Amino acid sequence: MAEAGRRDALRALRGAALAGLAGAAGTACAQAPQAQPTRTAGATPAARMARWRTPQRGFNIGVLDERRHDEAFLRDAAAYGARQVRVVLPMGAEASRPRFEPAVRAALARVLLRAERAGLDMVLVPERLAEPKSPLWQQGGLGPEGTAFAEAWAQLARELRDADAVAGFDLLNEPNPPWPDGRITSSAAIWDTLASRVVAAIRAEDAGVPVVLEGVAGGGPQGVPVLGAWRDAALVYSLHFYLPHEITHQGVSPRWAKAVSYPTDDDTPLRGTPAYPGPWNRERLKRELAGAAARGQRDGVPVHVGEFSCVRWAPGDSAVRYVGDCLSLFAEFGWSWSYHEFRGWPGWDAETTGAGLHPVPRRADAPVMRLLRESFAAAPRPREGSPR
């Protein structure tokens, strides 16, 4: 989630998740060897990519937390019809060298095994600052921070080599390098430099694991068309979709304080914001996504919407209408998606209802969850011989 206001709103939740993980860290290394996720040695990139040729649908489940992400949690996600979950991996304090600590890797192995037992694949994405000020972008992506970042991914790829339940490595959440010449293409060039280093490091350890590549501009749809030319055999393009934030993020921070309905032909409340002028409706959303759709189709590369949502308290049934239009468009494009999020921050939690930050008890028939369940049920089934 790229916006600073949203980060502030979620800081307490993420802190709690990290505290839970830290609690497990003391015993992680002392435990006896445990069962490991299933591995298919020597699987080709084409075989590992087979699942992505059928659109995958699932949930974001937040920062890795071995206590929260227990067997029941993952079974419940699968029971709704999800095939895949996207989980954020802590990568250490921002002031430290990026790395996946031993406790994180040990916890991940156990949660990955639980996901496999529940019939879920996992997309793994690191929690690391990706804004223009990030040290990752020093020397145009060639600096020491970038080197350590690539090494951390290589270590994880080595430990998880050929793991069947790993659907993909999402290299960086919402990359947003600086725009040296004021154009988005200059930002994309920096990201391509760093991403190429990371992919090379991963491929030295695992030739077939799918790589999920988000575009620049914080992972927005405008970042996909300007990605560089990639020739990797196991690649998935990815974007996050919250446009316009004035609707999907209203009330999350003072930056988005006005109440705005969806769909809307009245763009008066949007004056003076990036969302002006309107209207905002299904056709407008489709136009915003068209460039990413064209790029994926041109390159024959699957597209994954790694995050999308609308706050529950948007006026009337705005959240249901917005999510419904997104699901309809993603199905039209043949895209995979991960709803943000499952049993996380109440503003996005699909099981919750009510108008405020403190929702009523969870309900399986909450309006947004009802939409998601219908979409899960309508999902195309994998072809014969495909994983999962």
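The rules behind these values
Residues numbered from 1 in each chain as written. Predicted model: local features only at pLDDT ≥ 70, side-chain atom pairs only at ≥ 80, totals over all residues. Heavy atoms only, no water. Core = buried A, V, L, I, M, F, W, Y, C linked by side-chain atoms within 4.5 Å. Buried < 20%, exposed > 50% of the residue type's maximum accessible area, 1.4 Å probe, protein only. Helix = DSSP H or I, 4+ residues; strand = E, 2+ residues; numbered from the N terminus. Contact = heavy atoms within 4.5 Å. Lys, Arg positive; Asp, Glu negative; His and termini not counted. Salt bridge = Lys/Arg side-chain N within 4 Å of Asp/Glu carboxyl O. Polar contact = N/O pair within 3.5 Å; in protein donor to acceptor, adjacent residues only side chain to side chain. Pairing = 2+ DSSP bridges. Axes fitted to C-alpha atoms, helices over the stretch in contact; angles between N-to-C directions. Parallel < 35°, antiparallel > 145°, perpendicular 65-115°, else oblique. Left-handed = near helix turned anticlockwise from the far one by under 90°.

(A) Region of interest: the nonpolar core. Ranked by size, the top nonpolar core spans 100 residues in total, and within it F59, L124, F169, W191, F308 and L372 carry the most contacts. The element best represented in this core is helix α6 (residues 184–203), accounting for ten residues. Residues contacting W191, with those up to four places away along its chain left out, are W137, L171, L172, P175, P177, L213, E214, V216 and L227. Grouped together as the second largest cluster of nonpolar side chains are seven residues, M49, W52, A167 and A234 included.

(B) How the structure looks around the side chain of R57. Tracing the chain through its elements places R57 in strand β1 (residues 57–63). E374 provides the closest opposite charge to the buried, unpaired R57, separated from it by 10 Å. Within the structure, the side chain of R57 is placed 2.5 Å from the backbone oxygen of S375, a separation counted as a polar contact. The residues touching R57, leaving out its near neighbours within four places in the chain, are A82, R83, Q84, A331, W337, S375, F376, A378, A379 and P380.

(C) Fine view of the sheet that holds strand β7 (residues 303–308). Spatial strand order, β1-β2-β3-β4-β5-β6-β7-β8: eight strands in a closed barrel with parallel pairing. Neighbour to neighbour, the strand axes of the sheet diverge by 30° on average, direction disregarded. Where β1 and strand β2 (residues 84–90) come together, four bridges link them in parallel fashion. Its bridge partner being in β2, F59 is matched across the sheet by V85. Relative to strand β5 (residues 211–214), α6 is tilted by about 175°, and along the sheet it contacts β4 (166–170) and β5. Against the sheet, helix α9 (residues 318–333) makes contact with β1, β6 (235–241), β7 and β8 (336–339), and its axis sits at roughly 170° relative to β7, the strand it touches most.

(D) Focus on unusual backbone geometry. The amide bond that connects L243 to the next residue, P244, takes the cis arrangement and shows omega of -10°. Topologically, P244 is positioned in the loop between β6 and α7 (245–248). A cis amide bond links Y262 to the next residue, P263, at an omega of -5°. Along the chain, P263 turns up in the loop between α7 and α8 (282–299). The backbone of E174 shows a phi angle near 50°, a positive value even though the residue is not glycine. Classification of E174 as buried rests on a relative accessible area of 1%. Here the phi dihedral of R343 falls at roughly 50°; this positive angle occurs in a residue that is not glycine.

(E) Region of interest: the environment of R51. With respect to the helices, strands and loops of the structure, R51 is situated in the loop between α2 (45–49) and β1. Separated by 330 residues in the primary sequence, R51 and R381 have C-alpha atoms spaced 9.8 Å apart.

(F) Quick peek at the packing of helix α3 (residues 71–79) against helix α4 (residues 102–118). Between α3 and α4, the shortest axis-to-axis distance is 9 Å and the interhelical angle comes to 40°. On the basis of their axis angle, the class for α3 and α4 is oblique. For the pair α3 and α4, the crossing hand works out as right-handed. Taking contact as the criterion, the partners of E71, L74, R75 and A78 in α3 are, on α4, V111, R114, A115, R117 and A118.

Function cannot be read off these values alone, since they describe shape.
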